[in-house]
Amino acid sequence: MTAATRLLAPDPGWTTHADVVVVGSGVAGLTTALHATRAGRVLLVTKVRVDDGSTRWAQGGVAAALGADDSPLEHEQDTLEAGVGLCDPQAVRVLCEEGPARLRELMGLGAAFDRDPDGELMLTREGGHHRDRIVHAGGDATGAEVSRALVAAVLAHPRIQLIEHALVLDLLRTADGRTAGLTLHVLGEGTQDGVGAVHARAVVLATGGMGQVFSSTTNPAVSTGDGVALALRAGAEVTDLEFVQFHPTALWLGPQATGQQPLISEAVRGEGAFLVDGDGARVITTADHPLADLAPRDVVAKAITRRMHALGTDHVFLDARGVPGIEARFPTVVARCREAGIDPVTDLVPVAPAAHYASGGVLTDLDGRTSVPGLYACGEVACTGVHGANRLASNSLLEGLVFAGRIGDDLARGLPEQGEIVRQGRDAVLLDPFTRAELARHMTEGAGVLRSADSLAATAKALLALEDRPSTAPSPAAWEATSLHAVASALVAAAQRRRETRGAHWREDFPLASEDWRGHLVTTLAGTTYRPVED
């Protein structure tokens, strides 16, 4: 990983000001923007359109202990179990105890979740949960409804300004390293076209995930790790990058399909669907895990991958033919399957694991603060400690809601004065945009679901070779490729160091978890260090 502290880009041609700038328009960014208005004027920056964040793709729901037979403590226990010893217990307690109230706040903004004929919330169960505690909207269109409600609230708020089609570049800092704003590139007309600068007293990264670092992902095309890469260049600590969750059941569209793949929500398995191989044999049973097809995602993804390798195939099947009312319950899933020529009512659905969620990210405390003063992170770009080695299903939207509120509380306690910006040192970096496809292929082959010392060494070598293909022509494609390379390099370095199998990190040459590795790998531009968990 290059040690450059900024991207190669033109000097800013325009400047604007805000008290707080929030980068990203998923659940984390939108909710943070609303809460941040208590601290002053907010500028919300989003990469495409305000309603194009990853949140709208979420088919799963929001987990919260709302049922009469449930409790925050039970939700906490399920979350800790899924995290395989690496969750921060304090962060998990915050998530589960504050979650119900934050979900009710969202409903207060107009988010309409599915209810039964008596008007009660319909609660379902997903992988790793021992209680029915997942709320959905429109069956399998939860993300779209959450995004709709939050976007409407943001657009109606007089203290929030919006800039769309803006790719964040680098953090602006003061001489003593405090946050002073950021640079970004805007595609559009008028004065805010091209590279500009936002001077701000605080910056919140809510840029989402980094799924595009792999060839096959459920993430949209905008998920290129921009926030993690910016944080690294700014000197922030990132952690747990090796724990990339692969969703067990992305719709398999053929061996040549790359990029974003349709998701088959695990809520379908929660309603009775199950996995089989080409011979009709069950892929995972209670002999493998007590919850069988509803086991945590890493368990199911590993079972699928093992079966595919044993049979020499590149997919298995989801049998949803017995799911009652599947067309009404999962209209999005059914529609996407039928677009691909598959009818889940009568056909087996081909599925395979795809990169889905980054459990790691920019290291934060319980108030979303990173190691760089004035820089916050929220949502998938952050590592709050709630996910550990593997995220529990439907905890991600909840995490965005809860920690956005806590960031808002911290910002409202008082912002520093706007600092004087100084130019950062070291040479700038920019890679050839055509390295992106090669990078994704190498990452999928050597650092995907299956990893080993040999595969990771080959991937690290390939990534190092890509550094020898620089570009002198700044562009969004080159900036994205450069950020993806930074994230991929940090991920592989951590995966090489962690010589065990734990959660979403699976080493073929170290198939068991080790107490010696019950800790976190923290990465900066200076390298990767190990920090044991403090009991």
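The structure we're discussing is the one just above.
A quick note: this is a predicted structure, and the numbers were derived from the prediction, not measured.

Chemist: Mind showing me how you'd approach the nonpolar core here?
Modeler: As a rule of thumb, nonpolar side chains are buried together in soluble globular proteins. With 56 residues, the main nonpolar core has Leu205 and Met443 as its most contacted residues. Sort the elements by how many residues they give to this core and helix α13 (residues 476-497) lands first, with 8 residues. Every residue in contact with Met443, bar those within four places of it in the chain, is listed here: Val213, Phe214, Gly448, Thr459, Leu463, Ala488, Leu491 and Val492. If you look at the next biggest cluster of nonpolar residues, it comprises 48 residues, including Leu106, Phe113, Val154 and Leu397.

Chemist: Would you take a moment to explain unusual backbone geometry for this structure?
Modeler: Backbone geometry follows two general trends: most residues other than glycine have a negative phi, and most peptide bonds adopt the trans configuration. Here the phi dihedral of Val84 falls at roughly 50°; this positive angle occurs in a residue that is not glycine. Examined against the element boundaries, Val84 turns out to sit in the loop between α2 (72-82) and α3 (89-108). Judged by its relative accessible area of 28%, Val84 is partly exposed. Backbone geometry places His165, a non-glycine residue, at a positive phi of 55°. As for its placement among the helices and strands, His165 is situated in the loop between β7 (160-163) and β8 (166-173). Under the relative-accessibility criterion, His165 is labelled partly exposed at 31%.

Chemist: Before we go on, may I ask you to explain the pattern of salt bridges in this structure?
Modeler: Where side chains of opposite charge bring their charged atoms close, a pairing between them can arise. Overall, the coordinates contain 39 salt bridges when judged by the stated rule. Close ionic contact of Arg502 with Glu500 constitutes a salt bridge, the shortest N to O distance being 2.7 Å. As far as burial versus exposure is concerned, Arg502 and Glu500 are alike and both buried. One salt-bridge network, held together by shared partners, links Glu98, Asp365, Asp367, Arg369, Arg406, Asp410 and Arg413.

Here is what the cut-offs are and how they apply
Residues numbered from 1 in each chain as written. Predicted model: local features only at pLDDT ≥ 70, side-chain atom pairs only at ≥ 80, totals over all residues. Heavy atoms only, no water. Core = buried A, V, L, I, M, F, W, Y, C linked by side-chain atoms within 4.5 Å. Buried < 20%, exposed > 50% of the residue type's maximum accessible area, 1.4 Å probe, protein only. Helix = DSSP H or I, 4+ residues; strand = E, 2+ residues; numbered from the N terminus. Contact = heavy atoms within 4.5 Å. Salt bridge = Lys/Arg side-chain N within 4 Å of Asp/Glu carboxyl O.

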